[in-house]
Amino acid sequence: MSKEVSSNKAKVISNKREIPEIFEGVKYLDPTLEPAFQELFNDKATLTDFLNTILHLEEGGKIDNLEFKFENKILFKVPERRSTTLDIFAHTEDNRFLDIEMQRAGHPFFIDRVFYYSAFLAIKGKQQYAKSADFKNLREEEQLKRRYELPETISIWICNFHPRENCTEYRDEWAIYSKSDVEKSDFKAAPLPVTDKIKYILLDLPNFVKYCNKTDSREMRWLYLLANAGGKEDLPDMEDEILNQAIGRISVDNASESLLKTQEHSMIAQDEIICRLAEGKLQGIEEGRAKGLAEGRAEGRAEGRAEGRAEGRAEGLAEAKRAAIIKALNRGKLTLEEIAEDNDTSVEEVLKIKAENKP
């Protein structure tokens, strides 16, 4: 390996500029936040390497070429308008369609969300494949035969929380299985899924840190980077050009002023949401305790816990929704009606938030 790529410390931008205080003592931008996540993977070779590694693809079956988009909005009418936005939507040359999601925190019905996004991905993949030259070059009879054929769709969720409780593995794969096949299985050989075209991969970063915080394999190096880059410690030399260049792109010293600014906004918004959730929960618990003293200690404690959880969630969700609306307004890519619908609110509320946040 050449000396130029043997270190994570990529060349620092020569013109000195003031680094925001929030990044003092921090070497790398946290890739679990959207701006750094996009900067990390904003390179075709890097994203291709990550996918080949996480999908455990062998020579001969690896992804050679792909196209990708960040924050790809998918719209359908079924019959009402429905939309969702994929963090990274990727389409390979051999018609694989992939969704890569970076999720910082769990929420109610998270598993349902995984399947919901996968449904959008499958329909989008089907539509795009039907418009492709590969499909249109088929004979009419062959096109009719393949009317319901789905392309391969893969959903990858990188979770900075435990996507499933009581699971100690850092990697889990889901597929669709036949109950009959599972019941007949003697567990010496796992049953095959009914289809290999729909796949789910969930990566649990906290479990990786807790149980497997190593860099023995390429997959572990990628997960180590994602799990640890946001801390104050230096990362080890990954001894690989692609990985070291990816790390260099999220180095605080190398980051552009615009990247630092958007990352700072994401960090502040995330801290505010966490603080609001904690504040609401504590306030609810205290109010419940006060009420419990009047109505009975046992009953009061139970009500205090319930009210604390409910009020904490409600206030935290409201702040999260507000932050999402402000973010969408700042991007300027959506109409007010689209922003309102995406956030389950009214245009009037969006206009109110817009007025309150004028510079």
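Notes on the structure follow. Residues take numbers from 1 onward in each chain, read along the sequence in its written order. Reporting in this predicted model follows two pLDDT cut-offs: at least 70 for local features of residues, and 80 or more for side-chain atom pairs to be given and counted; totals over whole chains, interfaces and linings ignore these cut-offs and use all residues. Side-chain calculation: all heavy atoms of the structure are included, whereas hydrogens and water are not.

**Side note on the overall build of the protein**
Here's step 1: Each helix is a run of DSSP H or I of at least 4 residues and each strand a run of E of at least 2, with the numbering of both proceeding from the N terminus. A count of helical and extended segments in the protein gives 13 helices and six strands.
Here's step 2: In the protein, once contacts between residues fewer than 6 apart in sequence are set aside, the share between residues at least 24 apart is 66%.
Here's step 3: Areas reported as accessible are Shrake-Rupley estimates using a 1.4 Å probe. Residue values count occlusion only from the protein chains shown. Surface accessibility of the protein: about 21,400 Å² in total, with carbon and sulfur atoms responsible for 50%. Note on definitions: a residue-residue contact is assigned when non-hydrogen atoms from the two residues lie within 4.5 Å.

**Topic: the packing of helix α2 (residues 44-54) against helix α8 (residues 218-228)**
Here's step 1: Two numbers describe how α2 lies on α8: the axes approach to 9 Å, and their chain directions differ by 120°. Relative to α8, the element α2 lies oblique. The chirality of how α2 crosses α8 is left-handed. Two secondary-structure elements touch here, α2 through T46, D49, F50, T53 and I54 and α8 through R218, E219, W222 and L226.
Here's step 2: Its residues assigned to classes, the contact of α2 with α8 shows four nonpolar, two polar and three charged. What counts as an axis is a line fitted to C-alpha atoms, over the stretch in contact for a helix, and the angles between N-to-C directions run from 0 to 180 degrees. For classification purposes, an angle smaller than 35 degrees is called roughly parallel, one larger than 145 roughly antiparallel, one from 65 to 115 roughly perpendicular, and anything else oblique. For any pair of crossing helices, the crossing counts as left-handed if the nearer helix is rotated counterclockwise from the farther one by less than a right angle, and right-handed if it is rotated clockwise. Charged residues are taken to be Asp, Glu, Lys and Arg, nonpolar residues to be Ala, Val, Leu, Ile, Met, Phe, Trp, Tyr, Cys and Pro, and polar residues to be all remaining types, Gly included.

**Some points on the environment of L225**
Here's step 1: Here L225 shows up in helix α8.
Here's step 2: Setting aside residues no more than four positions away along its own chain, L225 makes contact with P31, L40, M238, L243, I247 and I250.

**Quick notes on the nonpolar core**
Here's step 1: Counting residues in each nonpolar core, the largest one holds 49 residues, and the members touching the most others are I156 and I158.
Here's step 2: Ranked by residues supplied to this core, first place goes to α8 with six residues.
Here's step 3: Not counting residues up to four positions away in its chain, the partners in contact with I156 are L51, I54, L55, D99, I100, E101, I201 and L203.
Here's step 4: Here, nonpolar core means buried Ala, Val, Leu, Ile, Met, Phe, Trp, Tyr and Cys residues that are tied together by side-chain atoms lying within 4.5 Å of each other. Think of it in three bands: residues with accessible area under 20% of the maximum for their type are buried, residues over 50% are exposed, and the middle band is partly exposed, with areas taken using a 1.4 Å probe on protein chains only. Among the nonpolar cores identified, the runner-up in size contains 19 residues, and V114, F120, Y200 and L202 belong to it.

**Re the sheet that holds strand β5 (residues 171-174)**
Here's step 1: Across the sheet, which stays open at both edges, the six strands sit in the order β1-β2-β3-β4-β6-β5 with mixed pairing between neighbours. Whereas interior strands pair on both sides, the edge strands pair on one side only; in this sheet they are β1 (66-77) and β5. Averaged over neighbouring strand pairs, the angle between their axes works out to 25° when direction is ignored.
Here's step 2: A strand pair is defined by DSSP finding two or more bridges across the two strands. Sheet topology places strand β2 (residues 81-92) next to strand β3 (residues 96-103); four bridges connect them, and they run antiparallel. Opposite A90, over in β3, you have L98 as the bridge partner.
Here's step 3: Sheet contacts for α2: β1, β2, β3, β4 (152-159), β5 and β6 (198-204); angle to β1, the most-contacted strand, approximately 75°.
Here's step 4: Against the sheet, helix α3 (residues 110-130) engages β1, β2, β3, β4, β5 and β6, with an angle of about 70° to β2.

**Looking at the pattern of salt bridges**
Here's step 1: We define a salt bridge as a side-chain nitrogen of Lys or Arg found within 4 Å of a carboxyl oxygen belonging to Asp or Glu. Within the structure shown, the criterion is met by 16 salt bridges.
Here's step 2: Its salt-bridge partner being R96, residue D94 comes within 3.8 Å of it at the nearest N-O pair.
Here's step 3: Look at D94 and you get partly exposed, because its relative accessible area is 45%.
Here's step 4: A relative accessible area of 11% places R96 in the buried class.
Here's step 5: Between E142 and R146 there is a salt bridge, with its nearest N and O atoms 2.8 Å apart.
Here's step 6: Judged by its relative accessible area of 18%, E142 is buried.

**Details of unusual backbone geometry**
Here's step 1: Unlike most non-glycine residues, H56 shows phi in positive territory, near 55°.
Here's step 2: For H56, the location among the structural elements is in the loop between α2 and β1.
Here's step 3: For E239, which is not glycine, the phi dihedral falls at a positive 55°.
Here's step 4: In this fold, E239 is placed in the loop between α8 and α9 (241-249).
Here's step 5: Classification of E239 by relative accessible area gives exposed; the value is 53%.

**So, the packing of aromatic side chains**
Two numbers describe a pair of aromatic rings. These are the distance of the centres and the angle of the planes.
Here's step 1: To pair, rings of Phe, Tyr and Trp, with the six-membered ring standing in for Trp, must have centres within 6.5 Å; the planes then decide the type, stacked if under 30 degrees apart, edge-to-face if over 60, and tilted in the middle. Taken as a whole and assessed by the stated rule, the structure comprises 17 aromatic pairs.
Here's step 2: Measuring from ring centre to ring centre gives 5.4 Å for Y117 and W157, while their planes differ by 55°; the resulting arrangement is tilted. Placement of Y117 in helix α3 and of W157 in strand β4 is noted, with a sequence separation of 40 residues between them. Of the two residues examined, Y117 and W157, each falls in the buried class.
Here's step 3: In textbook terms, an aromatic cluster arises when at least three aromatic residues are bridged by ring pairs, as seen for F76, F110, Y116, Y117, F120, W157 and F161.

Nothing here speaks to function; it is geometry throughout.
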